[in-house]
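Commentary on secondary and tertiary structure
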Amino acid sequence: MSHVGVGPRAIMRSAAFLTAGALAVSVLAGCSSEDEASRPLAGQDIAAVSRDEVTDGGTLRWAVDALPETLNAFQADADTGTNRVAQAVLPSMFRLDENGRPVRNPDYLESAKVIETEPRQVVLYKLNQQAVWSDGREIGAADFAAQWRALSGKDTAYWTARNAGYDRIEKIERGANDLEVRVTFSRPYADWRSLFSPLYPKDVMGTPDAFNDGARRKLQVTAGPFRLDKIDTKAQDIVLNRNPRWWGRPAKLSELVLHAVPRDQRATALANGTVDLTDIDPADVERIALAARGSGGAPLVGAGRTSAKKLRSWALAHGLPSHELPEDTTRLRQKITTYLREQDALRDVEIRKSLEPAYTQLALNGSEGPLADERVRRAVARALDRKALARVVLRPLGLPAVPVGSHLALSGQSAYADGSGSLGSQDTAEAQALLADAGWVPGGPVTEKKTDKAAGAQADKESEGGKEGTYVVGEDDKPPHRAAKDDPKDSADGSGEHSVAEQGDEAGRRLTQDGRQHTDKHPPQGGAPGAYAPQGTAAPAPAAGPLAKDGKALTLRFVVPSGPGSESLRAVADRITQMLDKVGIVTEISKVPDESYFKDHIASGQYDLALYSWPSSAFPATDARPIYAKPVPAADGSVNVEQNYTRIGTDQVDQLFDQAVAALDEDEARSLIRQADSRIWAAAGSIPLYQRPQLTAARKNLVNAGSFGFQTPLYEDMGFLKKGAPGPSAG
């Protein structure tokens, strides 16, 4: 889903609306240009060194999930592999810096700026005079024009995934010379820096056939530090090598190989030398850390009569998945022997970690059921301790556990401001009062209902038995709706984790809020209408049973993925159910296969609560609009939700996005984005929780590569440390 070079685009694998009028101006005004800028919560971790410390030559093998189906980043099935190839071999007019902000790419651009605003916005690009395609032709206006025509949306013969921004261009022409490109817009476009990154040659963009099919498996003409050598489907490799016509700083690596490795095989691939750099899951972090300590010992030493039970116990204690352990003792010994050999090899690997430019949210489906009532949605939000939820995922990894305060930017980006005050912080009493105002009362009569539709019609056939399927929280042998203070096992923050090391707290304090943050229970001047129970609403007594209304219990369907690698999501879901239980909301957790999670449940609306992530963009006015746009009824009676899978939107949010994308003054655009975010918070359809961890394993001698954070990778600087070089400085 990443927009190559400059940030994410909305092409992800992936009704009741706010009824109040305007929010208080003081809450929505955002920050002035004089506000102190925020900083990323965690810096990048790439073992950075100067280029003169990097060996000239060598092959880097970098893991991807699968070979990409297409090399055209503007097609619907483009993926991470597509984007990595494009970043390494194609021009990008702008790329992201370490704060997630677009900066000019000097390898291609001498300058780019708005030179006219009336009667039309005109941007003048002055190209690097050395910039040429691999066939020797200069990069120029013809390439810009061909890409505009292909992506403008005017010719439906082009099978494009998006045309945002390109549809606002009126014409493209040569400037005063061949190195100048004039782009004239029919409508003002604030996010013009998002365009032409990547830039494909006119050979790819010039005709529908070339666009649709010509760049799916090959790129004959490129213009980056690397060029595409071959795609080896048998070896599952994409091989890139140095571009001999590259005019910039030469690539340190002689070859870059993108190798397809399933996520559950990454540690083994590192151990046997198949890959040198790979994204990993927390379970592999633990395994590599164990290898670095050289701890664990071998259970096979002695008379050779170690029981299968002891071997299995040792294997489980050292992180071997139970489903991979054979019952036969001989085969189990072989499995452990292989594991120990791999652990020895993993001592040459280290973990590099940061925070990904993406956040995990709790989505509330407001299209039907109890969550169609905004008071119930707000009650859910007010029941959550977002700090405790962030700690569940980030503290064990030593990363700053700070809740995300915006739907539209992350700390460090210029548009970031904590807008959560529009909704309010965790408050059990307020949550219960909102539920009472919505008519949900404890101890009411409940009509028996079937629970076989917990995750839609497919729930039964997708459940795998045992731990899978539906589990109703609050229907076990404990009192279901006690207040937090009644449970002596609960910690003060609701996390229940008293023994976890206090890692990351100091780093977490690095967050500088860029904008107003309301810490009072009630924001000034009224705050968001409806975010609090009406004045005079009696505080309800602690719930003595399920909340009910019109003979129905307040039960929400919570859909979570069941596969390996989703353990942290399930842990967060469990903690959320506990928090909701304390205000009287019963949840039915339904675990479904990963392959059906998004398509059959999130996108189709077969859920009440769900956890999934969105990337953060440097261009939220363009990229985030489809995620929060108000659903629109279609002529055939269906509803076009775009990517707004919560089905909650407002005219006001749409108008603010429209104003922001046309605001050429950066301060004005930033203020409008922050206002939009405040309204999205108030609607309580999506509750941002935490920034996703970015976990990378790398050879210890691999430098200028790892967890990049916001920054676009510099492929020409990656390589292996020279022998005798001092290497990256500590801290």
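In case you missed it, the structure is sitting above this.
Remember, it's a predicted structure, so these values are computed and weren't measured experimentally.

Thresholds applied
- Residues numbered from 1 in each chain as written.
- Predicted model: local features only at pLDDT ≥ 70, side-chain atom pairs only at ≥ 80, totals over all residues.
- Heavy atoms only, no water.
- Pairing = 2+ DSSP bridges.
- Helix = DSSP H or I, 4+ residues; strand = E, 2+ residues; numbered from the N terminus.
- Axes fitted to C-alpha atoms, helices over the stretch in contact; angles between N-to-C directions.
- Contact = heavy atoms within 4.5 Å.
- Parallel < 35°, antiparallel > 145°, perpendicular 65-115°, else oblique.
- Left-handed = near helix turned anticlockwise from the far one by under 90°.
- Nonpolar A, V, L, I, M, F, W, Y, C, P; charged D, E, K, R; others polar.
- Buried < 20%, exposed > 50% of the residue type's maximum accessible area, 1.4 Å probe, protein only.
- Lys, Arg positive; Asp, Glu negative; His and termini not counted.
- Salt bridge = Lys/Arg side-chain N within 4 Å of Asp/Glu carboxyl O.
- Polar contact = N/O pair within 3.5 Å; in protein donor to acceptor, adjacent residues only side chain to side chain.
- Core = buried A, V, L, I, M, F, W, Y, C linked by side-chain atoms within 4.5 Å.
- Phe/Tyr/Trp six-rings, centres within 6.5 Å; stacked < 30°, edge-to-face > 60°.

1. Points about the sheet that holds strand 6 (residues 109-116)
What the four strands build is an open sheet, ordered 6-7-9-8; its pairing is antiparallel. The open sheet is flanked by strand 6 and strand 8 (169-174), the only strands paired with a single partner. Each adjacent strand pair in this sheet contributes to an overall mean axis angle of 15°, direction not counted. In this sheet, strand 9 (residues 180-185) lies alongside strand 7 (residues 122-127) in antiparallel orientation, the contact comprising five bridges. Residue Y125 lies in a different strand from strand 9, and its bridge partner there is V181. Against the sheet, helix 3 (residues 141-151) makes contact with strand 7, strand 8 and strand 9, and its axis sits at roughly 160° relative to strand 8, the strand it touches most.

2. Let's talk about the packing of helix 8 (residues 308-317) against helix 9 (residues 329-345)
For any two helices packed against each other, the geometry is given by the interaxial angle and the distance between the axes. Relative orientation of the contacting elements helix 8 and helix 9 amounts to 30°, with a least axis distance of 10 Å. Taken together, helix 8 and helix 9 sit at an angle that is classed as roughly parallel. For helix 8 against helix 9, the interelement crossing comes out left-handed. Facing A308, L311, R312, W314 and A315 of helix 8, the residues of helix 9 in contact are T329, L332, R333, I336, Y339 and L340. When its residues are assigned to classes, the contact of helix 8 with helix 9 shows eight nonpolar, one polar and two charged.

3. Focus: the side chain of D418
Inspection of the secondary structure puts D418 in the loop between helix 11 (386-394) and helix 12 (428-437). Buried and without a salt bridge, D418 has R386 as its closest oppositely charged side chain, separated by 4.9 Å. Here the side chain of D418 touches S420 through a polar contact of 2.6 Å, side chain to side chain.

4. Regarding the nonpolar core
Core analysis: the largest hydrophobic core is formed by 168 residues, its most contacted members being Y125, F196 and L362. Ignoring anything within four residues of it in the chain, the contact list for L362 reads V380, L384, F558, I576, L609, A610, L611, G685, S686, I687 and L689. Residues W314, L325, L332 and I336 belong to the second largest nonpolar core, which totals nine residues.

5. Some points on the packing of helix 19 (residues 651-661) against helix 20 (residues 666-683)
Running from N to C, helix 19 and helix 20 cross one another at 165°; their axes reach a closest spacing of 9 Å. In terms of orientation, helix 19 lies roughly antiparallel with respect to helix 20. As for how helix 19 packs across helix 20, the hand of that crossing is left-handed. Between helix 19, through Q652, V653, L656, F657, Q659 and A660, and helix 20, the contact on the second element is made entirely by A669, L672, I673, Q675, A676, R679 and I680. A breakdown of the residues in the contact of helix 19 with helix 20 according to their chemical character gives nine nonpolar, three polar and one charged.

6. Comments concerning the sheet that holds strand 18 (residues 552-553)
Read from one edge to the other, the open sheet built from three strands follows the order 15-17-18, with strand pairing classed as antiparallel. Whereas interior strands pair on both sides, the edge strands pair on one side only; in this sheet they are strand 15 (441-442) and strand 18. Relative to strand 17 (residues 547-549), strand 15 is paired through two bridges, and the arrangement is antiparallel. Looking at the pairing, P442 lines up with L547 of strand 17.

7. Let's talk about helix 12
Burial in helix 12 covers these residues: E430, A431, Q432, A433, L434 and L435. Looking at the packing, one finds that the buried side of helix 12 touches helix 10 (374-383) and strand 17. With a side-chain oxygen lying 3.1 Å from the backbone nitrogen of A429, the N-terminal cap of helix 12 falls on D427. Positive backbone phi, at 95°, marks G439, one or two positions downstream of helix 12.

8. Re the environment of Q655
Here Q655 is to be found in helix 19. Relative accessible area serves as the criterion here: at 45%, Q655 is assigned to the partly exposed category.

9. A word on the packing of aromatic side chains
All chains considered together, the criterion is met by 19 aromatic pairs. Ring plane angle 55° and centroid distance 5.4 Å describe the contact between Y125 and F144, whose orientation is recorded as tilted. Residue Y125 is located in strand 7, and its partner F144 is located in helix 3; the two are separated by 19 residues in the primary sequence. Like Y125, the residue F144 is buried in the burial classification. Consider the rings of Y166 and F196, whose centres lie 5.4 Å apart with planes at 90°: the pair is edge-to-face. One end of the pair, Y166, is in the loop between helix 3 and strand 8; the other, F196, is in the loop between strand 9 and helix 4 (202-205), with 30 residues separating them in the sequence. Each of the two residues, Y166 as well as F196, counts as buried.

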